[in-house]
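Spelled out, the chains give:
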Amino acid sequence: MEIDKFKTEEKVTWCQGCGNFGIWVALRQAFLELGWGPEDVLLVYGIGCHGHMINYLNNYGFDALHGRGLPLAQGAKLANKNLNVIVIAGDGDQFGEGGNHFIHAARRNLDITCIIHDNQIYGLTVGQTSPTSEKGFVTKSTPHGAPDQPVNPISLSLASEASFVARGFSGDVKHLTKLFVDGLKHKGFSVIDVLQPCVTLNHLNTFQYFFQRVYKLDEAGHNHNDKISAFTKSFEWGDKIPIGLFYKEERPILEELLPQLKPEEKSLVDQDIYNIEIKSLFEEFK
Ligand SMILES: Cc1ncc(C[n+]2csc(CCOP(=O)(O)OP(=O)(O)O)c2C)c(N)n1
């Protein structure tokens with residue numbers, strides 16, 4: 001079982017049947033297909049049930065603050081461009097507290113992958129409305145139904161200029177693995193929003209709910225190079241819910257646009273900082 005090399009011996013404490021299991025398996029399968037070892041990857045985690053994955057994956061991991069995975073991940077990638085950097089976020093984590101980071105990370109186009117465990121609820125704090133909860137959704141924090149329009153992760157990603165935008169479903173691990181492989185291979189900021197049912201607290205957006213509704217964009221002839229079609233598809237939610245790759249574009253990543261990070265330069269962590277002449281700098285600021 002080669003896939004087990006990415007796993008720790010920790011006891012998994014997610015609820016039985018949790019949608020996080022599908023993501024956990026698909027991610028390990030993707031690493032295997034990419035030929036990456038545990039040491040080739042840094043995962044930066046937000047705070048929430050999704051963040052518990054740090055205990056179950058055997059890669060480099062960093063537990064960020066709630067919503068702050070992206071700033072840390074960007075710092076790590078800027079310092080060491082040879083690392084494959086992934087952010088593991090929740091819908092509350094990334095679109096609530098971390099919403100502003102998301103917009104700017106997307107348009108910056110560093111070579112990072114952001115995976116959102118989208119269960120449309122706050123899981124770890126046991127069941128408050130999240131930014132992606134459906135309007136009218138009744139929870140402890142909205143007993144009369146959520147009054148706000150939900151954030152649309154796909155159209156937000158497109159409008160924020162993410163260069164790879166996809167949606168997966170944790171009930172279809174094979175399809176999700178392919179999206180992870182493609183997103184991780186993509187040179188630039190890739191977003192994969194994963195429909196991840198919370199079996200304990202969200203009794204609306206269940207596995208059954210999604211099994212009845214999801215269909216695959218590639219099988220429906222969607223052109224993922226067309227941003228207008230991607231936007232149109234992003235608004236489809238109801239009896240039919242599209243999954244797959246909405247949009248992909250090739251454009252220079254941040255590293256290619258900054259002289260000090262250019263491909264021919266070594267990673268910042270590998271550069272010699274011991275014999276730098278800094279006197280002239282100090283003179284300038286006198
Ligand atoms: C700054 C800050 N605000 C609030 C919290 C409390 N908190 C911890 S987890 C969480 C919600 C988690 O929901 P989500 O991001 O959707 O992740 P899930 O647990 O569903 O995976 C909140 C509000 C916190 N830890 N830090």
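Relevant structure appears above.
These figures come from a predicted structure and were not determined experimentally.

What counts, and at which threshold
- Residues numbered from 1 in each chain as written.
- Predicted model: local features only at pLDDT ≥ 70, side-chain atom pairs only at ≥ 80, totals over all residues.
- Heavy atoms only, no water.
- Near = heavy atom within 4 Å.
- Polar contact = N/O pair within 3.5 Å; in protein donor to acceptor, adjacent residues only side chain to side chain.
- Areas by Shrake-Rupley, 256 points an atom, 1.4 Å probe, with all protein chains shown as cover.
- Helix = DSSP H or I, 4+ residues; strand = E, 2+ residues; numbered from the N terminus.
- Nonpolar A, V, L, I, M, F, W, Y, C, P; charged D, E, K, R; others polar.
- Phe/Tyr/Trp six-rings, centres within 6.5 Å; stacked < 30°, edge-to-face > 60°.
- Lys NZ or Arg CZ within 6 Å of the ring centre and 35° of its normal.
- Buried < 20%, exposed > 50% of the residue type's maximum accessible area, 1.4 Å probe, protein only.
- Pairing = 2+ DSSP bridges.
- Right-handed = clockwise from strand over helix to strand, strands pointing away.
- Expected span 1.5 Å × (residues − 1).
- Contact = heavy atoms within 4.5 Å.

S.K.: How do you make sense of the site of the ligand when you look at a structure like this?
M.R.: Near the ligand lie 16 residues; those nearest to it are Cys49, His50, Asp93, Gly123 and Leu124. Between histidine 50 and the ligand, the recorded distance is 2.8 Å, taken from a side-chain N or O atom to an oxygen atom. Leucine 124 is positioned with one of its backbone polar atoms (N or O) 2.9 Å from an oxygen atom of the ligand. Taking 590 Å² as the accessible area of the ligand by itself, protein coverage stands at 75%. Broken down by element, the shell around the ligand gets its largest block of residues, four residues, from helix 3 (residues 91-97). By residue class, the composition of the shell around the ligand is five nonpolar, eight polar and three charged.

S.K.: Would you take a moment to explain the packing of aromatic side chains for this structure?
M.R.: If you walk through the whole model with that rule in mind, you get 15 aromatic pairs. Members of the aromatic cluster, connected to one another through ring pairs, are Phe169, Phe207, Tyr209, Phe210, Phe211 and Trp237. The ring of tryptophan 24 carries the charged tip of arginine 28 above its face, separated from the ring centre by 4.0 Å. Against the face of tyrosine 215 rests lysine 240, its NZ or CZ located 4.7 Å from the ring centre.

S.K.: What is the right way to read the pairing of strand 8 (residues 241-248) from this model?
M.R.: A regular strand places its side chains so that they alternate between the two faces of the sheet. By the criterion of burial, strand 8 is predominantly enclosed, with seven of the eight residues buried. The sheet contact formed by strand 5 (residues 164-169) and strand 8 spans four bridges and is antiparallel. Its bridge partner lying in strand 8, arginine 167 is registered against glycine 244. Where strand 7 (residues 214-216) and strand 8 come together, three bridges link them in parallel fashion. Paired with tyrosine 215 across the two strands is proline 242, which belongs to strand 8. One crossover worth recording links strand 7 to the parallel strand 8 by way of helix 8 (residues 227-234), and it is right-handed.

S.K.: Even after reading the chapter, I still don't get helix 6 (residues 173-185), so can you show me in this structure?
M.R.: Every α-helix carries 3.6 residues per turn, so stepping three or four residues along brings you back to the same face. Compared with the 18 Å implied by 1.5 Å per residue over 13 residues, the 18 Å span of helix 6 between its first and last C-alpha is a close match. Those residues of helix 6 not exposed but buried are His175, Leu176, Thr177, Leu179, Phe180, Val181, Gly183 and Leu184.

S.K.: How should the environment of isoleucine 103 be read in this particular structure?
M.R.: Summarising the element assignment, isoleucine 103 is placed in helix 4 (residues 99-108). Placed 147 residues apart in sequence, isoleucine 103 and glutamate 250 show a C-alpha to C-alpha distance of 18 Å. Setting aside residues no more than four positions away along its own chain, isoleucine 103 makes contact with Leu156 and Ser160.

S.K.: Which parts of the structure should I look at to understand unusual backbone geometry?
M.R.: It is generally the case that most residues other than glycine have a negative phi and that most peptide bonds are trans. For glutamine 120, which is not glycine, the phi torsion reads 60 degrees and is therefore positive. Tracing the backbone through its elements, the reader meets glutamine 120 in the loop between strand 4 (112-118) and helix 5 (153-159). In this model, glutamate 161 sits at a positive phi of 70 degrees, which is unusual for a non-glycine residue. Structurally, glutamate 161 is set in the loop between helix 5 and strand 5. What makes glutamate 161 partly exposed here is its relative accessible area of 35%.

All quantities given are derived from atomic positions and should not be read as evidence of function.
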